[in-house]
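# Coordinate analysis (summary)
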Amino acid sequence: MNRFGHDIFLAPGLRTPFGRGGGALVGYDAISLSVPVVQAMAAQLSDRKPDIVIWGAVIPNLGWSNIAREVWLDAKLDPGVPAFSVVLACASSILAAFAAAGMLGASTDLALVGGAETMSRPPIGLTRATSDRLRALFASNPGEALTALGHLSPSDFSLPTKGWSNRITGRTMGEHMEDTAKEWNITREAQDEWAYQSHMRAVRGWLSGFFSDLVTPLPELSKDANLRPDTSLEKLAALPPAFDRTSGRGTLTAGNSTPITDGAAGLWVVSARGRSRLPSTLPIAKLVDYEIAAVDHARDGLLMAPSIAIPRLLARHGLSYSGIALWEVHEVFAAQTLANVAALEDRHWITDRSGISQDLGSFPRDHVNPNGGSIAIGHPSGRPAPEI
């Protein structure tokens, strides 16, 4: 079964090294960090001109609305190429790939998709009440408005003191995920073990050369900065809870959660005709189908949509978990990955939430993220993994 009616292919693009929050890449914004990626990918084409560009970013910015277009123009590439942006939290850039796949056909054969985030530099804005007050003052009495600007207090600003909290609940992802970890009985030991393996696999990936043709070095950084080759289960176990610090039951730490990260990455999405425009050395994978799901986080827990989407996708093709040789599973938190795996092995959950009664078997944990995941490599929210 092919949902597109014609063949769609993915080819690896390039990415920057992923920088540690406040580290080597702090001087970049999401646009300037994306420019070297799209320039290097465009250079793989004889005419440096894809048919369309789609770029993802999660953190809003007051300086631009369509980051895709801004990146493309700053890269000094053909301004006649259409470019638009997408946002769907951590799935923004994989959504860009799905959007591109649905647009291929007729005269559109080759899409450059990707995304970026500089989480070191979240924007600081005024609260709505302060903004309304100043806007009214500037309209009626500009002098008084300028005086008021000099007397703003911290309460007048929307400060990222808690990270990126949910607008409805006012709680961060980590705070929500603590609830989910408790709901699914995900232990601290299991989370630390998953984090440890993520680091060890990513270190081996770098040592084996897996990332060598996927990462375009920057003057400030040539290799992912978040890797901890010297970590251990003992070091991870010594870290204090990062989100639930008062109940005595907190299990999410800085070691088993993704770090604040800066980075950008790209991916090629092409039709059969578009393949001929890419270098013949690039590996190619066929995109057959996809599934997007959403959850009621008050009932199902935050970040649990994969456990709903995966059974639906596999059942549609008559597959079980063992029928998939390689799994790339996002690691916002080790608890999030492990909770989804637990849900995927819970027949009641699958039937109730996905409407799938098929027995999908045991989930092959050993086939997940063989070259490390986001806990080790980093998690700039808006980007995809170019190795997919």
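One can find the structure itself at the top, above this paragraph.
Everything numeric in this text was worked out from a predicted model, so none of it was measured.

Basis of the calculations
Residues numbered from 1 in each chain as written. Predicted model: local features only at pLDDT ≥ 70, side-chain atom pairs only at ≥ 80, totals over all residues. Heavy atoms only, no water. Buried < 20%, exposed > 50% of the residue type's maximum accessible area, 1.4 Å probe, protein only. Helix = DSSP H or I, 4+ residues; strand = E, 2+ residues; numbered from the N terminus. Pairing = 2+ DSSP bridges. Salt bridge = Lys/Arg side-chain N within 4 Å of Asp/Glu carboxyl O.

## Focus on the pairing of strand β8 (residues 261–271)
For β8, a buried count of 11 out of 11 residues is recorded, marking the element as mostly surrounded by other parts of the structure. Because side chains alternate across β8, one face comprises the buried residues T261, G263, A265, L267, V269 and S271, and the other comprises D262, A264, G266, W268 and V270, equally buried. Bridge analysis of strand β2 (residues 19–20) against β8 gives two bridges, and the strand direction is antiparallel. Directly across from R20, in β8, lies its bridge partner T261. As paired elements, strand β5 (residues 110–118) and β8 share nine bridges and run antiparallel to each other. Within the sheet, the bridge partner assigned to L110 lies in β8 and is V270.

## Looking at the pattern of salt bridges
The full count for this structure, using the stated rule, is 20 salt bridges. For the salt bridge of D156 with R133, the shortest nitrogen-to-oxygen distance reads 3.6 Å. With a gap of 23 residues between them, D156 in the loop between α5 (142–149) and β7 (157–158) and R133 in helix α4 (residues 128–140) connect regions that are remote in the sequence. With relative accessibility at 12%, the residue D156 sits in the buried group. Linking D352 and R353 is a salt bridge whose minimum nitrogen-to-oxygen distance equals 2.2 Å. Overall, D352 belongs to the partly exposed group, its relative accessible area being 42%. Look at the salt bridges and you will find they share partners, linking R3, D289, E291 and R316 into a network.

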